[in-house]
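What the coordinates show
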Amino acid sequence: MNYKNQKQVYFLKAEITAMYNNPKSENFLHSLDWDKLILVTSDLNGNEFKVWLYCMKWSGKDRFFYSPATLEKEFNISESTAQRAFKTLIDKGYLEAKGDNITDF
């Protein structure tokens, strides 16, 4: 599926070390390197961190479709806030825009 505000996000260069309990499922708890996680939390505001965390949720897959509407439902943040946070993750280097609606994490 592809909706107006959806973006494809590919996992090519995630900087957080994650060990997966079940890499075939998107709904699992990651074990993250604490020192790197502290750097992320000190660099991002609350909504930016929610978007980053939502992206990490899918890191057992090769890609996922980022939808601000889903963030609105799951984290109770507006679609426009989710879009701004996504752009900030690009600006800060957590994500890399590759073209129309394609981004690397």
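Residues numbered from 1 in each chain as written. Predicted model: local features only at pLDDT ≥ 70, side-chain atom pairs only at ≥ 80, totals over all residues. Heavy atoms only, no water.

Time to look at the side chain of threonine 81. Following the sequence through the fold, threonine 81 ends up in helix H4 (residues 79-91). Of the polar contacts made by the side chain of threonine 81, one reaches the side chain of arginine 84; its length is 3.1 Å. (Helix = DSSP H or I, 4+ residues; strand = E, 2+ residues; numbered from the N terminus. Polar contact = N/O pair within 3.5 Å; in protein donor to acceptor, adjacent residues only side chain to side chain.)

Let us now look at the pairing of strand S1 (residues 7-10). Sheet topology places S1 next to strand S4 (residues 63-66); 4 bridges connect them, and they run antiparallel. Paired with valine 9 across the two strands is phenylalanine 64, which belongs to S4. For S1 and strand S6 (residues 102-104), the ladder comprises 3 bridges, and the chain directions are parallel. Bridging across to S6, tyrosine 10 finds its partner in aspartate 104. (Pairing = 2+ DSSP bridges.)

The next thing to look at is the side chain of glutamate 48. You can see glutamate 48 is positioned in helix H2 (residues 46-57). Relative accessible area serves as the criterion here: at 9%, glutamate 48 is assigned to the buried category. Other than its neighbours up to four places away in sequence, glutamate 48 contacts Asp43, Ala85, Thr88, Leu89 and Lys92. (Buried < 20%, exposed > 50% of the residue type's maximum accessible area, 1.4 Å probe, protein only. Contact = heavy atoms within 4.5 Å.)

This part is about the confidence of the model for the chain. For the chain, the average pLDDT comes to 79, and 75% of its residues sit at 70 or higher. Note on residues 16-22: pLDDT is under 50 here. Beyond four places in sequence and across chains, it has 23 contacts. (pLDDT = per-residue confidence, 0-100.)

What follows covers the sheet that holds S4. As summarised here, the arrangement of the 4 strands in space is S4-S1-S6-S5, forming an open sheet in which the pairing is mixed. Of all the strands in the sheet, just S4 and strand S5 (96-99) have a single pairing partner and so form its edges. For this sheet the average axis-to-axis angle between neighbouring strands, irrespective of direction, equals 30°. This element, H4, spans S1, S4, S5 and S6 of the sheet and lies at about 135° to S4. (Axes fitted to C-alpha atoms, helices over the stretch in contact; angles between N-to-C directions.)

This part covers the pairing of S5. Bridge count for S5 against S6 is 3 bridges, and the pairing is antiparallel. Within S6, the residue paired with glutamate 96 across the bridge is aspartate 104. Hairpin connection between S5 and S6: a loop of 2 residues separates the two successive antiparallel strands, and asparagine 101 in this loop has a positive phi of roughly 60°.

Turning our eyes to something else, we now look at the packing of aromatic side chains. For the structure on display, the rule yields 6 aromatic pairs. Taking 6.3 Å as the distance between ring centres and 70° as the angle between the ring planes, the aromatic pair formed by tyrosine 54 and tyrosine 66 counts as edge-to-face. With tyrosine 54 in helix H2 and tyrosine 66 in strand S4, the pair connects residues that are 12 residues apart, well separated along the chain. When its relative accessible area of 4% is taken as the criterion, tyrosine 54 is described as buried. Summarising the aromatic geometry, the rings of tryptophan 58 and phenylalanine 64 are spaced 5.8 Å apart at their centres and angled 10° between planes, so their arrangement reads as stacked. In this pair, the class of tryptophan 58 matches that of phenylalanine 64, namely buried. Three or more aromatic residues joined by ring pairs form one cluster here, namely Tyr54, Trp58, Phe64, Tyr66 and Phe86. (Phe/Tyr/Trp six-rings, centres within 6.5 Å; stacked < 30°, edge-to-face > 60°.)

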